[in-house]
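Observations on the three-dimensional arrangement
Single-letter residue listing:
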Amino acid sequence: MKKAILYLTVLMMSLSVFPSTITAKTNEPIAITENPKEVPAEVKVMLSRLEEIKTMDKSAMTRVEKKALRKEVRTIKATLKASNNGVYLSVGAIIIIILLLIILL
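Rules used throughout
Residues numbered from 1 in each chain as written. Predicted model: local features only at pLDDT ≥ 70, side-chain atom pairs only at ≥ 80, totals over all residues. Heavy atoms only, no water. Salt bridge = Lys/Arg side-chain N within 4 Å of Asp/Glu carboxyl O. Helix = DSSP H or I, 4+ residues; strand = E, 2+ residues; numbered from the N terminus. Buried < 20%, exposed > 50% of the residue type's maximum accessible area, 1.4 Å probe, protein only. Core = buried A, V, L, I, M, F, W, Y, C linked by side-chain atoms within 4.5 Å. Contact = heavy atoms within 4.5 Å. Patch = residues over 30% accessible without salt bridge, like charges linked within 9 Å, V, L, I, M, F, W, Y side chains within 5 Å. Areas by Shrake-Rupley, 256 points an atom, 1.4 Å probe, with all protein chains shown as cover. Lys, Arg positive; Asp, Glu negative; His and termini not counted. Charge placed at Lys NZ, Arg CZ, Asp CG, Glu CD.

1. Focus on the pattern of salt bridges
Tallying each qualifying case throughout the model produces 3 salt bridges. For glutamate 52, the salt bridge identified is with arginine 49, shortest N-O distance 2.8 Å. Residue glutamate 52 and its partner arginine 49 are located together in helix α2 (residues 41–55), separated by 3 residues, close to a single helical turn. The class of arginine 49 is partly exposed, set by a relative accessible area of 23%. A salt bridge links lysine 54 to glutamate 51, with the nearest nitrogen and oxygen atoms 3.9 Å apart. You can see lysine 54 and its partner glutamate 51 sitting in helix α2, 3 residues apart, about one turn around the helix. Glutamate 51 gets classed as partly exposed once you look at its relative accessible area, which sits at 37%. Among the charged side chains, a network of salt bridges with common partners joins Arg49, Glu52 and Glu72.

2. Some words on the nonpolar core
Among the nonpolar cores identified, the biggest contains 9 residues, and these are Val43, Met46, Leu47, Leu50, Ile53, Leu69, Val73, Ile76 and Leu80. Counting residues per element, this core draws most heavily on α2, which supplies 5 residues. Ignoring sequence-local partners within four residues, the contact set of methionine 46 consists of Ile76, Thr79 and Leu80.

3. What to know about a positive patch on the surface
Positive charge collects at one region of the surface, where Arg63, Lys66, Lys67, Arg70, Lys71 and Arg74 lie side by side. Mapped onto the elements of the fold, arginine 63 is located in helix α3 (residues 63–82).

Shape descriptors only; they carry no functional weight alone.
Below, the structure written as structure tokens:
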């Protein structure tokens, strides 16, 4: 019995360590002209700033300026990703929830 509890604990821990969210990555920019009512103005500003940074000539920039641009791009992308308002659960969390439901019901 103790081995089964140990194996179950190790299984839950290993499943909770690995991320289970899968995001679709596309190289195509988001089409702003399709539905202008759905895209907020802040998102349009951020996307235009990202396009502006992509088109910049970075060969004449110093290392510090490039680092600042990378940091800005990361913050913009994180803000855009956070604005999706999605709820993500790991596999370990789902297993624990199911086990709790089974035990309690």
